[in-house]
Amino acid sequence: MRIQVFRWKAVGPLLGLLVILGLLLWIFAEPVAKDTTEEASTELLGTQVDLAKLDLFPRDAAVDLRGLQIANPFVLSRNLIEADEIRLKLNPNALAEKKIVIENLSLQGMRFGTEREKPARPVKGSGFAPQVYQSVEQWTKQFNVPLLSLTPIDTIRQLALNPEQLTTIREVQSVAGRTDSVRKALDEGFQQLDIRPTVDSARALADQLAKTDPKKLGVDGTRKAIESVQQTLKQVDAAKRRLEAFERNTRTGIGLLGQNLRSVDEARQKDFAFAKSLLKLPTFSAPEIGSAFFGQVSIDRFKQALYWAELAQKYMPPGLLPRPAPGPQRLRAAGETIEFPKEKEFPRFLLQQGQIDFTIGGSSAARGAYAATVAGLTSTPALYGKPAVISASRRASGSALASIDVDAILNHISSRTHDSANARLQGIKLPSFDVPGLPLRVDPGLGSSSLSFSMKNAGAQLSARWTIRSDKVSWVADTTARRPNDLERLVLRVVSGLANLDVVAELGGSVRSPKLSISSNLDKAVADRLKAVVGEEVARAERLVRAKVDSLVADKVEPVKRQVAAVQAQATQRVEAEKQRLDQVEKQLNVELKRLTAGVVPGIKLPKIKL
Amino acid sequence: MIALLKLIQSIIKTLHSAGTPGQVAAGMALGAALGLTPLVNLHNLVIFSFLVLLNVSFGGGMLGWMLFVPIGFLLDPLFDRIGLSLLTAPSLRPLWTDWTNTPILPYTNFNNTIVLGSFVAWLVLAVPIFFAARYGVAKYRATVGERVRQSRFYKAVTASQAYNIYKMFRP
């Protein structure tokens with residue numbers, strides 16, 4: 001019987017099923033795409049992304065996004081960007097390859113820093129963006145931002161120091177142990193050198209020859225005597241070389257002991273600082289005041305730039321090697337999805353050109369002509385071959401608010417990546433911030449601010465600069481919570497008299513080891529005033545601290561210093577003594593050798609024997 | 001519980017269908033692909049179309065699907081390793097590069113370790129599944145099949161409305 005391979009009657013139901021699937025897709029594609037876009041963007045950016053509506057236009061290969069809100073990951077009550085409508089024109093050929101290539105992006109109603117109706121949810125989980133967020137938060141903790149200490153002098157307590165808290169004591173104990181080890185090592189070294197038998201035998205030979213007349217030895221006896229002298233001289237020479245090597249080692253050991261003593265001195269300096277911190281003396285060093293006033297606010301600015309730069313490093317890697325990424329979330333295990341970039345093909349994501357031009361009219365503060373462009377933002381920069389360029393600007397001639405200029409270049413074409421961003425804001429209302437440690441809020445008012453950020457080679461080189469300049473700064477003292485003390489009132493008086501503010505914060509080094517420096521026009525003014533008022537008192541307190549620390553550590557440090565000096569002296573003396581003994585017997589042997597060789601052929605001077 | 005009852009119903013119906021043991025086994029081998037690999041992928045649409053269009057037991061396919069879903073979940077770590085080793089093999093890189101850069105083919109998601117690993121595992125297991133199922137069905141029909149057919153339980157199962165729809169696709 002011939003078996004029929006195809007079930008032709010099932011073609012109809014199958015087509016029906018496909019039509020139903022198509023209908024379901026048509027009905028649910030937009031809500032599913034909206035939810036997926038929100039979910040994926042939130043996961044990707046590490047901050048809540050909301051969409052009011054998503055419309056698909058399959059015939060035009062276009063997508064309309066309405067009511068887009070991207071929350072600021074660092075200030076959850078605000079949006080980073082809000083846009084009324086975004087139209088994306090996609091490349092259909094790329095879509096067939098499951099790639100998103102946005103040929104054109106047009107945007108309407110874009111606003112920055114708007115308040116959210118509901119604060120955004122912090123993004124949790126083990127995704128890349130939350131990890132970056134956490135690592136950036138961790139990064140900020142490595143900066144040792146001093147807290148402005150303005151404890152009144154009359155509250156300085158009697159200094160109560162526990163010797164166990166002092167590093168010097170621990171360091172001294174450790175140095176004493178190490179000194180003892182060095183001394184033992186030196187003793188053992190001298191024993192291993194074993195110079196004495198060589199010296200004794202050489203001296204015995206020299207004494208014996210001194211009593212002998214070479215003329216009576218005969219030719220054979222003289223030859224034997226010369227040979228034994230030469231042999232002994234060789235032994236003496238070997239002993240001298242061993243002694244020289246030992247001397248070098250001894251010098252190293254002695255040098256280490258010297259370093260140990262220096263570490264004791266450093267520990268003492270640390271203990272002075274520690275004891276000083278217990279007194280909570282007022283700060284009047286200008287750099288410390290600058291860091292205390294503006295350190296935290298500067299780090300907050302830099303960390304935001306670093307966050308976006310780190311995300312760019314992840315999502316825009318250089319090169320064309322296969323790239324693994326976590327697979328899609330589903331009931332089954334996600335696994336890994338590996339991307340295989342191919343030359344002359346579309347990258348997985350590319351925003352070719354985004355143009356945003358719009359004007360806000362009327363007399364509102366936000367009026368002006370806005371223009372922004374984004375080009376070459378891609379997941380595979382090596383395929384696109386050009387750096388991604390982002391720029392945004394706003395001009396409002398005749399307005400009190402002058403201009404906003406933002407530009408960024410992300411160059412990830414090769415492994416020598418370079419991300420740079422510059423933002424310049426002029427004549428804008430600068431955000432106010434609290435001064436840590438003081439009941440004081442700074443409102444810079446209208447002014448200018450700039451932030452430049454550059455990161456090379458995936459964070460190996462970092463350079464950033466943040467500035468604020470304002471001529472109409474106001475200082476708001478919040479004295480409702482607590483009454484400021486005399487010193488705080490003094491600082492408040494000093495800063496209240498300043499109408500202008502000029503702050504420059506600079507970041508250098510690398511991501512792993514950043515260096516922060518801050519200077520402002522406030523530093524010197526506050527420092528000078530504080531010094532004039534409390535300088536003498538503070539100096540007296542510092543002297544007290546030194547005396548207290550010295551009294552606790554001196555009786556432990558001095559014996560160790562003496563012990564180290566004794567070991568150093570003993571080692572030097574012993575080496576010198578051994579050297580002298582060897583030199584002495586060598587000289588004696590050479591004299592005898594000369595005498596013996598002169599007797600072989602009297603009147604003929606023999607050439608010197610070089611050993 | 002309902003899933004278990006459905007499974008029993010499916011097993012009973014399939015084992016007593018008019019299809020030959022070979023047709024039931026072929027259906028199960030195809031249905032195993034739907035169970036072993038993550039469902040929402042292009043290759044499963046092709047497999048499902050084969051199940052419908054080829055003269056194999058559709059019930060066998062559904063049975064294979066149901067039986068191999070839990071096995072698929074259990075073997076995911078193994079599929080991940082198989083998929084990863086295939087996707088990271090230097091000699092296969094040109095193949096995957098072309099595959100993922102050719103229209104339509106990327107929708108198979110074969111660049112995902114679980115999808116590729118499970119699909120390859122199914123390809124390897126399809127033939128043993130077919131022969132094992134054919135032997136099992138033939139043995140069942142020759143031994144206890146007739147007694148089950150006479151039972152009230154079987155009559156209750158086959159009398160259900162769903163069975164009428166199912167009959168439409170029986171081989």
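What counts and how
Residues numbered from 1 in each chain as written. Chains lettered and ligands numbered in written order. Predicted model: local features only at pLDDT ≥ 70, side-chain atom pairs only at ≥ 80, totals over all residues. Heavy atoms only, no water. Salt bridge = Lys/Arg side-chain N within 4 Å of Asp/Glu carboxyl O. Helix = DSSP H or I, 4+ residues; strand = E, 2+ residues; numbered from the N terminus. Buried < 20%, exposed > 50% of the residue type's maximum accessible area, 1.4 Å probe, protein only. Phe/Tyr/Trp six-rings, centres within 6.5 Å; stacked < 30°, edge-to-face > 60°. Lys NZ or Arg CZ within 6 Å of the ring centre and 35° of its normal. 1 Å grid on protein atoms, 1.4 Å probe; cavity = no way out; pocket = protein on both sides within 12 Å on 5 of 7 lines; lining within 4 Å. Points joined across faces, edges and corners; volume = space filled by probe spheres on them. Contact = heavy atoms within 4.5 Å. Buried area = accessible area lost by both parts, 1.4 Å probe. Pairing = 2+ DSSP bridges. Axes fitted to C-alpha atoms, helices over the stretch in contact; angles between N-to-C directions. Polar contact = N/O pair within 3.5 Å; in protein donor to acceptor, adjacent residues only side chain to side chain. pLDDT = per-residue confidence, 0-100.

**Things to note about the pattern of salt bridges**
All names here are of chain A. What the rule picks out here adds up to 41 salt bridges over all chains. The shortest N-O distance in the salt bridge between Glu 38 and Lys 34 comes to 3.6 Å. Remark: Lys 34 and Glu 38 occur in helix H1 (residues 11-45); sequence separation between them is four residues, near one turn of the helix. For the pair shown, Glu 38 and Lys 34 are each scored as buried. Put simply, Glu 592 and Arg 595 hold a salt bridge, and the shortest N to O gap is 2.8 Å. Linking Glu 592 with Arg 595, this pair stays in helix H10 (residues 521-600), spanning three residues, or about one helical turn. Take Glu 592: its relative accessible area is 8%, and that puts it in the buried class. Look at Arg 595 and you get partly exposed, because its relative accessible area is 30%. Each of the salt bridges in this network shares a partner with another, and the network as a whole consists of Lys 53, Asp 55, Asp 60, Asp 64, Arg 66, Glu 85 and Arg 87.

**A word on the packing of aromatic side chains**
Residues and elements named next belong to chain A. Enumeration over the complete set of coordinates arrives at 14 aromatic pairs over all chains. When the ring of Tyr 307 is compared with that of Trp 308, the centres are 5.0 Å apart and the planes differ by 75°; the resulting orientation is edge-to-face. Put simply, the rings of Phe 74, Tyr 133, Tyr 307 and Trp 308 touch in pairs and so form one group of aromatic residues. Above the ring of Phe 57, the side-chain terminus of Arg 87 is found at 4.7 Å from the ring centroid.

**A short note on empty space enclosed by the protein**
Residues and elements named next belong to chain A. Applying the stated criterion across every chain, the model contains one cavity of 30 Å³ or more. Put simply, the largest cavity is a space of about 40 Å³. In terms of lining residues, the largest cavity is bounded by Arg 183, Leu 186, Asp 187, Phe 190, Val 567, Gln 570, Ala 571 and Arg 574. Contributing elements (two or more residues each) for the lining of the largest cavity: helix H4 (167-193) and H10.

**A word on the interface of chain A and chain B**
One frequently used descriptor of interface size is the decrease in accessible area upon assembly of the parts. Across the contact, 36 residues belong to chain A and 44 residues belong to chain B. On the chain A side of the interface with chain B, the three residues burying the most area are Arg 7, Arg 332 and Phe 340 of chain A, jointly 29% of the side's total. There are two salt bridges connecting chain A and chain B. The partner of Lys 342 of chain A in a salt bridge is Asp 98 of chain B, and the shortest N-O contact between them spans 2.7 Å. Counting only elements with at least two residues in the side of chain A that touches chain B, the list comes to H1, helix H2 (92-96) and strand S7 (336-339) of chain A. In terms of residues, the side of chain A that touches chain B owes the most to one element, H1 of chain A, which gives six residues.

**Observations concerning the sheet that holds strand S14 (residues 440-443) of chain A**
Residues and elements named next belong to chain A. The strand order across the open sheet built from three strands is S13-S14-S17, with neighbouring strands paired in antiparallel fashion. Unpaired on one side and paired on the other, strand S13 (433-435) and strand S17 (474-477) mark the two borders of the sheet. Each neighbouring strand pair of the sheet contributes to a mean axis angle of 35°, computed without reference to strand direction. Relative to S17, S14 is paired through four bridges, and the arrangement is antiparallel.

**Considering the side chain of Thr 113 of chain B**
The topology assignment puts Thr 113 of chain B in helix H6 (residues 113-142). For Thr 113 of chain B, a relative accessible area of 0% corresponds to the buried category. Separated by 2.6 Å, the side chains of Thr 113 of chain B and Asp 80 of chain B make a polar contact. If we ignore the near neighbours within four places in the chain, the residues touching Thr 113 of chain B are Gly 335 and Glu 336 of chain A together with Phe 79, Asp 80, Gly 83, Leu 84 and Leu 87 of chain B.

**Thoughts on the confidence of the model for chain B**
Of the residues in chain B, 84% have a pLDDT of 70 or more, and the chain-wide mean is 86. Listed scores for the predicted complex are pTM 0.64 and ipTM 0.81.

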